[in-house]
Amino acid sequence: MTRPVELRHEAPAPTPQPLLAVEDLRVSFGTDVGPVTVVDGVTFSIQPGETLALVGESGSGKSVTAMAIIGLLRHSNGRITGGSVRFDGRELTTLPEKQLRTMRGSSISMIFQEPRRSLDPAFSVGSQIAEVAARHLDLSRRDARRRAIEMLDRVGIPAAAQRFGDYPHEFSGGMCQRVMLAMALVANPRLLIADEPTTALDVTVQARVLRLLGDLQQEMGLSILLITHDLGVVAETCDRVAVMYAGQIVEEAAAETLLRSPRHPYSEGLLASLPQFLDPGQRLVAISGSVPIPGSWPQGCRFHPRCDYAVDACREAIPELALKVDGHHDRCFRADELSLPGVS
Amino acid sequence: MTAIGDIPTKLPVPRRPERSGVVFRLRRDRIAMVCLFLLVFLIVVALFAHLIAPQNPNAQALTNRLEGPSGKHWLGTDNFGRDLFSRMIVACRVTLLAVAEGLGIAVVIGIPTGLISGYLGRATDAIASRVTDGLMAIPPLIFAIAIIGMLGPGLSKAMIAVGVVLSPRFFRLARAASQSVAQDPYIEAVRADGCSVFRVLWRHVLPNSSGPLLVQTTLGIGEVIIAEASLSFLGLGVQAPDASWGSMIRDGFDVLNESAWSIFPPTIAVVVTIAASFMLGDGLRDAIGRKQRVRE
Amino acid sequence: MTALLEAQDLVKSFGGTGRRRADRSPQVVKGVSISVAKGEILGIVGETGAGKSTVGRMLIRLIEPDQGTVRFLGEDLASMDRHELRRFRARARMIFQDPFSSLDPMMAIGNSVAESLLLHTDLSSEKRQERVEDLLERVGLNARYYARHPHEFSGGQLQRVAVARAIATNPDLVVCDEPVAALDMSIRAQVINLLLSLQSELGMAYVFISHDLSLVGHIAHRTAVMYRGAIVEQGQTEQVFKDPQHPYTRELLNSVPLLDAQLRAARSSSRPESARVPAPPDEGTGCSYVGRCPLALPLCTQQVPQMRTSHGAEVACHLYPSNKTATS
């Protein structure tokens, strides 16, 4: 089953039909104090074969966005209250659960931050992968088993055939994440949503898993929505990046571009607060204040209380996310006049 | 089947400035509040029993035995013509005192030993747990009877027995709570501060274990009443002419063939009090349980 | 110069009460020797299973080492009586990783900080309150927050409280165990800056334990790299990061994702050669890194390498000549 392989480094020219198109997505959660908006008008798209990073801190709404896309909010008290999510032209927000379930695993897959908690401890890893294969690829038990072993090997698990019958607790964190990848990719989905897949892993393990992800993407022509807070991971693996703050996207651009010349003060702040290698003794540049929680977002631009460049206009209205420069969107009134420093 | 991992079902909600979450939540639980008021009411009655009782609870009038409720005797009279209403009030005091005694002993024996055992672990815990297991293996009523056999009948002694019998439950609970709290990082932090073992237990472990212990104590009220009623019913608890609700049930039971009325008031009182204590315990458990801070 | 704190040959294993060889649990810390000078920031880096948290706790005697000694200003901690140990605890403090659970949830944060003063000073309760309010302001919190409880604060604020508690007794040393790992990115820099400014103000030494290499590289004077219970390399931070001697240190540094495109291109060794799972570490004789080491020699499977000097750093690796005589 070959797919047209697209090399990662050749950013594909925008085709008329993006694989995933999220438009003005809004999500609210029901709480003791009434409904609280967590995702407030998020818009972005992913082309086939492309890796888009969704970057933000806790409370930004990035994970909830991912959950909304794949329709997993039904298990919580969150609801999509507006906007659309189109996958390959198909509207997902109105799709009945039964059809969504068919899509999950075969068209869109997701992996999570804590791999051990995402695997059922009562079943062997092999059988869990085989179950996905059997279901979506309509395989016999024997064929599903064979495919599962194939997949385990492909994700770099040594002695895959022997380890088919092992249980999740017998694997380390990094290996569990590989098993998750095997499960997520066994049915050849076109889009993989990875929610902080390497945050819980050691740095050397992370490097290998990211490398694996890159290899698999090239082999399978996969699109990836990578949710992370680690800008280093973004730099190494992603084509484009969207930065989220307080439920909105505040900047979106090609990864290289955003890192070199960010246009939104929040992005600049994030970059400046990272300890650069071997620049000892200097104080880190910190963003003052703290991330506002959903439900108590400030009036006007949500970042303005913490922004070094805020002016009166910033208090009064929320800037629109607009395409200012080639392929580079930002949500800041002053983006054009500011010239923000990025990474060297 | 896609794996369902960490679905964020919780949300960082803006924090309301609640001073004490537990009290706040308890206040909203109507049933629990009703039960609380009821118990407080009974305590007040018990405190002022001798002042409130309209007639002498021990005054016998054999010509007026086993009368139903009337203007003179609001709840009628018992087998010896004594005013049931007054007896109920005084018995309330006796019963609640007994509860305080029994529960008090159980708590005093069980909780400190449980907390220490759970925190220190190893040899201390091994010994204490085995002793407790041994205690729990003995059928409670028989054990109580045995202790009374040693000490002689009488309400106080019966309550000592009840307290001893009930203490293993508090021990276990305190031990479990202590073990769990002992794992919490802030315990390590205060130890790094230089806290002595005693201070750690008193100022840190106990307050953080108080939730389940409070619930168990409330439930314990009901259990001790049942125990006292049973023992008094058997004649091993309160001795005549004093009355507890349990002994009044016994009295009523003895004359069932003559009159079905006199058994009702004490029975209803016991049932209502037990129900109130259990429901309050439930409400407390809910109020404390939801105190978990919601965070991402 | 007498070291402030000096640890020699610390060994620790957990659990495992069995007599048989197979039941005995593996050593979490296998012979670690480390020292901190006055006013110095010593970084300890390593991944999961390196044993760095255990070492940190042994340094302030929160955990008893199975073997080895720890000396504070020359005095052996094991030989201290209760009172001396108490005084030591005022001078050597700790900040923990998870701000949400390192403070007693039932206690007002002011009281948590005041407890340190209660335990180690004779101040009256008014004076204690005054000092706590002072400390809260110093770490960037409003003194009004004294009576509030931990659940009312964010992670960054709680970690500031933890800092206040740590410096309340004017310590000589603070062990920081992953102090910012649980915090949001934009808050981390705030807390790090606070730690740095307090350090220069009060002249404290830090033992800074972290898995975040770039952070340690930025703030530590000296760094020790740990792998599976042993220190594989230690030396001046700049030295260790610019010219790593041990193959594991190199692997570690190469694994850190870089933001700068030019640096990425210039990276000497390639990123992981393979995406495959590396062989499990060898728990037998010899160097525990041997399974993953691209430069392993036959000697590496036979003998545990001792510390030796190379390029100004101390390395535990057979690739470099030992500076001991052949009779060792």
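Worth saying up front: this structure is predicted, and the values here are computed from it rather than measured.

It is not clear to me how the overall build of chain A should be interpreted in this structure. Could you clarify?
The number of helices and strands found in chain A is 12 helices and 12 strands. Dimensions of chain A, computed from C-alpha atoms along their principal axes, come out at roughly 65 × 50 × 40 Å. For chain A, contacts bridging at least 24 residues in sequence account for 65% of all contacts bridging at least 6.

Sorry, what's going on with the overall build of chain C here?
The helix and strand inventory of chain C stands at 11 helices and 12 strands. Here the C-alpha atoms of chain C give a radius of gyration of 21 Å, agreeing with the 20 Å that 2.2 N^0.38 yields for 328 residues. Each principal axis of the C-alpha distribution contributes one length, and for chain C these read about 65 × 50 × 40 Å. Going through the 328 residues of chain C one by one, you find that 48% of them count as buried. Taking contacts inside chain C between residues at least 6 apart in sequence as the whole, the part at least 24 apart equals 63%.

What's the story with the packing of helix H4 (residues 84-120) of chain B against helix H7 (residues 155-182) of chain B in this structure? I'm lost.
Packed helices, taken two at a time, are described by the angle their axes make and the gap between the axes. Residues and elements named next belong to chain B. Between H4 and H7, the shortest axis-to-axis distance is 5 Å and the interhelical angle comes to 35°. In the packing of H4 onto H7, the handedness of the crossing is right-handed. Classifying every residue of the contact of H4 with H7 by side-chain character gives 22 nonpolar, 12 polar and 4 charged.

What is the right way to look at the pairing of strand E4 (residues 78-87) of chain A in this model?
Within a regular beta strand, the side chains point alternately toward one face of the sheet and then the other, so they alternate between its two faces. All names here are of chain A. Judged from the 8 bridges that link them, strand E1 (residues 20-31) and E4 form a sheet pairing that is antiparallel. Paired with Val 27 across the strands is Ile 80, a residue of E4. Across 2 bridges, the pairing between E4 and strand E5 (residues 90-91) is antiparallel. Following the sheet pairing, Arg 86 is matched in E5 by Glu 91. A loop of 2 residues connects E4 with E5, the two strands running antiparallel in sequence, and Asp 88 in this loop sits at a positive phi of about 55°.

Would you explain helix H2 (residues 97-106) of chain A in this entry?
Three or four residues apart is the spacing at which side chains of an α-helix point the same way, because the helix has 3.6 residues per turn. Within H2(A), the full set of buried residues consists of Met103(A), Arg104(A) and Gly105(A). On its buried face, H2(A) sits against helix H1 (62-70), strand E6 (108-111) and helix H4 (125-137) of chain A.

Where do I start with the interface of chain C and chain A in this structure?
It is common to report an interface's size as the accessible area lost on association of the parts. Contacts between chain C and chain A engage 38 residues on the former and 41 residues on the latter. Mapped by element, the contributors of at least two residues to the side of chain C that touches chain A are helix H6 (185-202), helix H7 (213-219), helix H8 (237-242) and helix H9 (247-255) of chain C. Tallying contributions element by element places H6(C) first for the side of chain C that touches chain A, with 9 residues. Here the side of chain C that touches chain A is built from residues that sort into 17 nonpolar, 12 polar and 9 charged.

Help me understand unusual backbone geometry, please; the structure alone is not making it clear to me.
If a residue is not glycine, its phi is most likely negative; likewise, a peptide bond is most likely trans. Residues and elements named next belong to chain C. For Arg 61, which is not glycine, the phi torsion reads 60° and is therefore positive. Tracing the sequence through the fold places Arg 61 in the loop between helix H1 (52-59) and strand E4 (67-72). The residue Leu 73 is not glycine, and still its phi comes out positive at about 50°. Here Leu 73 is to be found in the loop between E4 and strand E5 (75-76).

Teacher, can you tell me more about the sheet that holds strand E1 (residues 5-13) of chain C here?
Two strands in a sheet stick together by hydrogen bonds in their backbones, pointing the same way (parallel) or opposite ways (antiparallel). Residues and elements named next belong to chain C. Taken in spatial order, the 4 strands line up as E2-E1-E4-E5 in an open sheet, and their pairing is antiparallel. If you trace the sheet from one side to the other, it starts and ends with strand E2 (27-36) and E5, each paired once. Where E1 meets E4, 5 bridges bridge the pair, whose relative direction is antiparallel. Paired with Val 11 across the bridge in E4 is Gln 67. Contacts from H1 reach E1, E2 and E4 within the one sheet, and its direction differs from that of E1 by about 125°.

Could you clarify how one ought to interpret the interface of chain C and chain B in this entry?
Contact with chain C, which involves 20 residues of that partner, is made by 16 residues of chain B. At the level of secondary structure, the elements contributing two or more residues to the side of chain C that touches chain B comprise helix H2 (82-91) and helix H3 (109-120) of chain C. A class-by-class count of the residues in the side of chain C that touches chain B yields 9 nonpolar, 5 polar and 6 charged.

Sorry, what's going on with the confidence of the model for chain C here?
In the predicted model, chain C carries a mean pLDDT of 88, and 91% of its residues have values of at least 70. Under the prediction, the complex receives an ipTM of 0.84, its pTM being 0.84.

Any chance you could explain the nonpolar core here in plain terms?
Taken as a class, soluble globular proteins show a tendency for nonpolar side chains to be buried jointly. Membership of the largest hydrophobic core comes to 259 residues, with the highest contact counts inside it found for Ile129(A) and Val207(C). Among the elements that take part in this core, H4(B) stands out by supplying 18 residues, more than any other. Not counting chain neighbours up to four residues away, the residues in contact with Ile129(A) comprise Ala148(A), Met151(A), Leu152(A), Ala182(A), Met183(A) and Val186(A). Ranked by size, the runner-up nonpolar core spans 8 residues in total, among them Ala32(B), Ala276(B), Leu280(B) and Leu284(B).

Would you explain the sheet that holds strand E3 (residues 51-55) of chain A in this entry?
Residue and element names in this part refer to chain A. Sheet architecture is open: 8 strands sit in the order E6-E7-E8-E3-E9-E10-E12-E11, paired in mixed fashion. Each edge of the open sheet is held by one strand with a lone partner, namely E6 and strand E11 (322-325). Pairwise comparison of adjacent strand axes, ignoring direction, gives a mean angle of 20° for this sheet. Sheet topology note: the E6/strand E7 (residues 191-195) ladder contains 4 bridges and is parallel. The residue bridging Ile 111 from the neighbouring strand is Ala 194, located in E7. Sheet strands in contact with H1 are E3, E6, E7, strand E8 (223-228) and strand E9 (240-245), and its direction is about 150° off that of E7.

What's the story with the pairing of E3(A) in this structure? I'm lost.
All names here are of chain A. Judged by how many residues are buried, E3 sits mostly within the fold: 5 of 5 residues are covered. Because side chains alternate across E3, one face comprises the buried residues Thr 51, Ala 53 and Val 55, and the other comprises Leu 52 and Leu 54, equally buried. In this structure, E3 lies alongside E8, joined through 5 bridges in parallel fashion. Across the sheet, residue Leu 54 finds its bridge partner in E8, namely Ile 227. In terms of strand pairing, E3 meets E9 through 4 bridges, oriented parallel. Residue pairing across strands places Leu 54 opposite Ala 242, the latter belonging to E9.

Which parts of the structure should I look at to understand the confidence of the model for chain A?
Residue and element names in this part refer to chain A. For chain A, per-residue confidence averages 88 on the pLDDT scale, and residues scoring 70 or more make up 93% of the total. Per-residue pLDDT, averaged within each element of chain A, yields its smallest value for helix H3 (residues 115-118) (83) and its largest for E3 (96). Note that residues 1-8 has pLDDT below 50 and, in this model, 15 contacts with residues that lie over four places away or in other chains.

Looking at this structure, how should I read the environment of Ile95(C)?
Mapped onto the fold, Ile95(C) is located in strand E6 (residues 92-95). For the pair Ile95(C) and Asn170(C), spaced 75 residues apart in sequence, the C-alpha to C-alpha distance is 14 Å.

Honestly, the environment of Pro150(C) in this entry has me stumped. Any pointers?
All names here are of chain C. Its location among the elements puts Pro 150 in the loop between helix H4 (125-138) and helix H5 (155-167). Its 22 C-beta neighbours within 10 Å are what place Pro 150 among the buried residues. Once the C-alpha coordinates of Pro 150 and Ala 162 are considered, the two residues, 12 residues apart in sequence, prove to be 11 Å apart. If we ignore the near neighbours within four places in the chain, the residues touching Pro 150 are Phe 100, Leu 103, Pro 105, Ile 109 and Leu 158.

For this particular structure, what's the right way to read the environment of Arg82(C)?
Residue and element names in this part refer to chain C. With respect to the secondary-structure elements, Arg 82 resides in helix H2. Judged by local crowding, Arg 82 falls into the exposed class, with 9 C-beta atoms found within 10 Å. Remark: the alpha-carbon pair of Arg 82 and Val 163, spanning 81 residues in sequence, is separated by 25 Å.

Cut-offs applied
Residues numbered from 1 in each chain as written. Chains lettered and ligands numbered in written order. Predicted model: local features only at pLDDT ≥ 70, side-chain atom pairs only at ≥ 80, totals over all residues. Helix = DSSP H or I, 4+ residues; strand = E, 2+ residues; numbered from the N terminus. Contact = placed C-beta atoms within 7 Å. Rg over C-alpha atoms; globule rule 2.2 N^0.38 Å. Buried ≥ 20, exposed ≤ 12 C-beta atoms within 10 Å, placed from the backbone. Axes fitted to C-alpha atoms, helices over the stretch in contact; angles between N-to-C directions. Left-handed = near helix turned anticlockwise from the far one by under 90°. Nonpolar A, V, L, I, M, F, W, Y, C, P; charged D, E, K, R; others polar. Pairing = 2+ DSSP bridges. pLDDT = per-residue confidence, 0-100. Core = buried A, V, L, I, M, F, W, Y, C linked by C-beta atoms within 7 Å.

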